[in-house]
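The residues making up each chain are set out below.
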Amino acid sequence: MQLEPATFDDLDGRAVAALYAHDEHVYRAEVLRGGAAGSGGARSAVVCFVDFGNVEEVPLARIYTLPAEFRSLPAQAVRCVVSGVEPIGQEWTEDALDEMTKLLHEQLVTVNIKEIGPPLLTEILLRTPDSDNVQLHQLLVTAGHARILDSTDHSRTIEE
């Protein structure tokens, strides 16, 4: 299938096909912010790969018009938050986000839905070398990145 390059006017909020730099494959994406000058001065856009949930800056030259037959398919990634914790400071630190990524990357996890909304409020259970079904938020607390919320306050959950 031949993909048509996207134009600057095609971008903001649009469904597109974008090249993912890590594997050089094209995936469905939604443009979150388009048309900015990226690294090296080339135009780029910030996209969310809708079937995986990751957000990347992609050069405009690697963004294509999404064929019509792929526009009506629902996104496969679902936005969710981890319930029950808040950051130690005002915001989640890069170290806390790196810790969560390290714990979850390419792992099989159990996700219990606590509340349906957008986003889904979840409890995430994973295996560690010491135990099965360890709560992600408890690991973040133990590592010093988070503190437990009062059971009635879910206003400052982790969004990822």
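Please read these numbers as outputs of a predicted model, since none were measured by experiment.

**Student:** Can you help me understand the pattern of salt bridges in this one?
**Tutor:** One pass over the structure, following the stated rule, counts five salt bridges. Between Arg147 and Glu86 there is a salt bridge whose closest N-O contact spans 2.8 Å. Taken together, the residues span a long stretch of sequence, with Arg147 in strand β11 (residues 146-148) and Glu86 in strand β7 (residues 85-87) at a distance of 61 residues. Taking relative accessible area as the criterion, Arg147 reaches 35% and is therefore assigned partly exposed. The buried category is assigned to Glu86, whose relative accessible area is 13%. Residue Glu99 pairs with Lys102 through a salt bridge whose shortest N-O separation is 3.4 Å. Taken together, the residues span about one helical turn, with Glu99 and Lys102 both in helix α2 (residues 94-104) at a distance of three residues.

**Student:** It is not clear to me how the nonpolar core should be interpreted in this structure. Could you clarify?
**Tutor:** As a rule of thumb, soluble globular proteins bury nonpolar side chains together. With 12 residues, the main nonpolar core is built from Ala6, Leu11, Val16, Ala18, Ala29, Val31, Ala45, Val47, Phe49, Val58, Leu60 and Ile63. When contributions to this core are tallied by element, the ones reaching two or more residues are β1 (15-20), β2 (25-37) and β3 (43-48). Grouped together as the second largest cluster of nonpolar side chains are 11 residues, Val82, Trp92, Leu126 and Ala146 included.

**Student:** Explain a nonpolar patch on the surface here, please?
**Tutor:** Together, Val109, Val111, Ile113 and Ile116 give the surface a local cluster of nonpolar side chains, amounting to about 370 Å² of exposed area. Here Ile113 is to be found in strand β8 (residues 109-115). Judged by its relative accessible area of 48%, Ile113 falls in the partly exposed class.

**Student:** Help me out: how do you make sense of unusual backbone geometry in this one?
**Tutor:** Excluding glycine, most residues fall at negative phi; most peptide bonds, likewise, are trans. Located in the positive-phi region is Glu24, a residue other than glycine, with phi close to 60°. Along the chain, Glu24 turns up in the loop between β1 and β2. Overall, Glu24 belongs to the partly exposed group, its relative accessible area being 46%. Residue Asn133 is not a glycine yet carries a positive backbone phi of 55°.

**Student:** How should I be thinking about the confidence of the model for the protein chain in this particular structure?
**Tutor:** Atom-level detail of predicted coordinates should not be read off regions where pLDDT is low. Residues of the protein chain with pLDDT of at least 70 account for 88%, and the chain-wide mean is 84. Looking across the protein chain, the model is least confident in strand β12 (residues 158-159), with a mean pLDDT of 49, and most confident in β1, with 94.

Cut-offs and rules
Residues numbered from 1 in each chain as written. Predicted model: local features only at pLDDT ≥ 70, side-chain atom pairs only at ≥ 80, totals over all residues. Heavy atoms only, no water. Salt bridge = Lys/Arg side-chain N within 4 Å of Asp/Glu carboxyl O. Helix = DSSP H or I, 4+ residues; strand = E, 2+ residues; numbered from the N terminus. Buried < 20%, exposed > 50% of the residue type's maximum accessible area, 1.4 Å probe, protein only. Core = buried A, V, L, I, M, F, W, Y, C linked by side-chain atoms within 4.5 Å. Patch = residues over 30% accessible without salt bridge, like charges linked within 9 Å, V, L, I, M, F, W, Y side chains within 5 Å. Areas by Shrake-Rupley, 256 points an atom, 1.4 Å probe, with all protein chains shown as cover. pLDDT = per-residue confidence, 0-100.

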